Each structure stands twice: as C-alpha cells, then as structure tokens.
Amino acid sequence: MKLRNIAVIATMALLTGCAFGIKVDYRMALPYVQLEPSTEKRVIEVATVDQRPYILSGNKRPQFVGVSRALYYNPYNINTASGLGLVTDLQSAMITALARDPSVQARATQNRDRASASGARLLVLTVREWKSDAYMRVRFDYDVTAEVKDEQGLVLATKTAKGRGAITHFLNAGADVLNQALGDHEIVKALGSTPTPLVAPAPAPTALAPATASAKPGIQYDDCIRRVLRISDQQLRLSAMSACDSAK
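Position labels on residues start from 1 in each chain and follow its written sequence. Local features are withheld for residues below a pLDDT of 70 in this predicted model, meaning they are given only at 70 or higher, and side-chain atom pairs are given and counted only at 80 or more; totals for whole chains, interfaces and linings count all residues. Each side-chain value is derived from all of the structure's non-hydrogen atoms; neither hydrogens nor water enter the calculation.

> Help me understand the environment of N74, please; the structure alone is not making it clear to me.
Numbering goes from the N terminus for both helices and strands, where a helix is a DSSP run of H or I of at least four residues and a strand is a run of E of at least two. Mapping N74 onto the fold places it in the loop between β3 (64-69) and β4 (75-80). Taking the C-alpha atoms as reference, N74 lies 9.6 Å from Y135; in sequence the two are 61 residues apart.

This is the structure:
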C-alpha cells in the first residue's frame, strides 16, 4: 500500500507538482493554428458550449475537470486554476492562439448562431466530455466538436475530436485535443478564408428611349421591333408594330 501511495504522489507531482488540491490552468493549453497568410484583417469570434452531462445535471460545477484518487481510491475534484468554467478557459486559450497571427482579430462572444459582422467567422467549440481520472496513472477522456460559421449562420466546416488514454501532462493533453479540432484542414481553411464579394445584381431594365435621328434607319427599326415584342397585350403590340414602319 505504501508503494502504491508513493506511486500516486509521484504521478501527481509529475503532472502538477502537488498530489492534493490539484488545479489546472487550461488557459495555457494553447493550440497551434496556422492560417493562410493574409494582408487583410480577419475577425474570428470564439464561443464555447459545455455539454458535459454531469455539468448539465448540476452534479459537478463548470470548473470541474477531473478527479484525483488518494488512499482507498477516494476521489477529489480537480478544478480549473482560474476558478472559471472549463469552457471559459478553453475559449481564452483559443483566442490567445489565434491572436498570434497579426492578421487575426480574435474576440470572445456568447453568440453561438452566427458571426456578428460581414466577413467575420464564428468558431464554436462544444465540449461533451473533458475529464481526467488520476490514480496509479492519469486517464483523460475527451469529446469535443469545432464548428466554423459565417455571418448568416452557415456551417462552413466541422471537426470532432474524441478519445481516451493515459497522459503525462494536463496542459499538453488539453492542447493536443484543441490541435486535433482546430488543426483540421477544413477548419483552418474556413477560418482563414476571405469572404467572396457578392455579385452585384443586374440593373433593372430602364424605360426604352425613342430612337434618335442620328441612328441608322435599319437599326432604328430593329430596336423598335425589340421594344414592341416586349408588350404583353396583343392588340397594343399589333398597333405598335405599325408605328415601327416609319423607322425603316
């Protein structure tokens, strides 16, 4: 039993330097996001959603990120170092990582439906699982989905990262998960794309101007007939056709 306790303490010391009262600062779990170079400013808004079932049920607080087990396998909560919710910390980490690109203006938002400005992108991270369980070793379970939306709410790209396994460092493991989601090719492409200018609508047809005297007679007649053919009323169309004879 003593050897087991020593192993637990050694494992936790490796992870955080402390075996009890463990807190993790996931604001420092910075992913690496490499966008296409741009000379134009790009606005990326970042939102997060906590859908972990034990958070939604109220069994755990949003700050909860796992458990550490001491003697007799008793669990002790592992919480965020900031005292904020996990997804708030992850939001901060993503904003910090995106802001490394001088062409990106990254900012937090509570809106999860659409980007707030034309040409902006909304990055939404939904967390369905994110929990560590530390005893003889540390197991980490995660299930997250990243989505990129435009100002109309259209989903431009989506990527889910899900898995479980032993880890040796909380922050490295957290950054790896964010890298799996945000480093996806389609996510990067959607975040870094510049908005395509809208095609200007064709001008509305204008009233037909009378033929000028300087125009050639043949051209005058052809133009007159084109105008007449646009008349929907048959009687009026026949009457107008006779008026074109003077333009021959």
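> I keep staring at the confidence of the model for the protein and nothing clicks. Help me out?
The predicted coordinates should not be examined in detail at positions where pLDDT is low. The predictor rates its confidence in each residue with pLDDT, a number between 0 and 100. Within the protein, residue pLDDT values average 82, and 70% of them lie at 70 or more. Low pLDDT (under 50) marks residues 195-215, which in the prediction has 10 contacts with non-local residues, meaning those over four places away or in another chain. Contact criterion: two residues are considered in contact whenever any of their non-hydrogen atoms come within 4.5 Å of each other.

> Would you explain the side chain of E45 in this entry?
Position of E45 relative to the elements: it lies in strand β2 (residues 42-50). Residue burial is assigned from relative accessible area. The probe radius is 1.4 Å, only protein chains are included, and a residue is buried under 20% of its type maximum, exposed over 50%, and partly exposed in between. Its relative accessible area of 4% is what places E45 among the buried residues. In contact with E45, not counting residues within four places along its chain, are R107, T109, R114, A115, S116, R121, L122 and L123.

> It is not clear to me how helix α5 (residues 185-192) should be interpreted in this structure. Could you clarify?
Because the α-helix completes a turn every 3.6 residues, residues three or four places apart line up on one side. Among the residues making up α5, those that are buried are I187, V188, A190, L191 and G192. Where α5 is buried, its residues meet β2, α3 (86-98), β6 (121-134), β7 (138-149), β8 (155-167) and α4 (170-182). Two to three positions downstream of the cap, the backbone nitrogen of E186 sits 3.1 Å from a side-chain oxygen, assigning the N-cap of α5 to D184. Residues adjacent in sequence count toward polar contacts only when both atoms are side-chain atoms; beyond that, a polar contact is any pair of N or O atoms within 3.5 Å, and within protein one must be able to donate a hydrogen and the other to accept it.

> Any chance you could explain the pattern of salt bridges here in plain terms?
Opposite charge on two side chains permits them to pair, given that their charged atoms come into close proximity. A pair is scored as a salt bridge if a Lys or Arg side-chain nitrogen falls within 4 Å of a carboxyl oxygen belonging to Asp or Glu. Counting across every chain of the model gives eight salt bridges. Where R107 meets E45, a salt bridge forms, and the shortest distance between an N and an O atom there is 3.0 Å. Within this pair, whereas R107 is found in strand β5 (residues 104-108), its partner E45 is found in strand β2, the two being separated by 62 residues in sequence. In this structure, R69 and D133 form a salt bridge, with 2.8 Å as the shortest nitrogen-oxygen distance. One end of the pair, R69, is in strand β3; the other, D133, is in strand β6, and 64 residues separate them in sequence. The pair formed by R69 and D133 is uniform in burial state, with each residue classed as buried.

> Any chance you could explain the nonpolar core here in plain terms?
Most often, soluble globular proteins have nonpolar side chains that are buried together. Among the buried residues, those of types Ala, Val, Leu, Ile, Met, Phe, Trp, Tyr and Cys that are joined through side-chain atoms within 4.5 Å form a nonpolar core. Among the nonpolar cores identified, the biggest contains 44 residues, and Y26, L98, L123 and W130 are the most heavily contacted of them. When residues of this core are traced back to their parent elements, those giving at least two are β2, α3, β5, β6, β7, β8, α4 and α5. In this structure, L98 is in contact with V33, I44, V46, V104, A106, L123 and L191, ignoring residues within four places of it in sequence. Within the second largest apolar cluster, six residues are counted, among which are A47, A115, L122 and V124.

> Before we go on, may I ask you to explain the packing of aromatic side chains in this structure?
The description of two aromatic rings rests on the distance between their centres and on the angle between their planes. Here a pair means two rings of Phe, Tyr or Trp (six-membered ring of Trp) with centres within 6.5 Å. Their orientation is stacked below 30 degrees between planes, edge-to-face above 60, and tilted elsewhere. For the coordinates displayed, the defined rule picks out five aromatic pairs. Each ring, one from Y54 and one from F64, has its centre 5.6 Å from the other, and the planes form 85°; the classification is edge-to-face. Placement of Y54 in helix α2 (residues 53-56) and of F64 in strand β3 is noted, with a sequence separation of 10 residues between them. Three or more aromatic residues joined by ring pairs make a cluster, and in this case those are Y26, W130, F140 and Y142.

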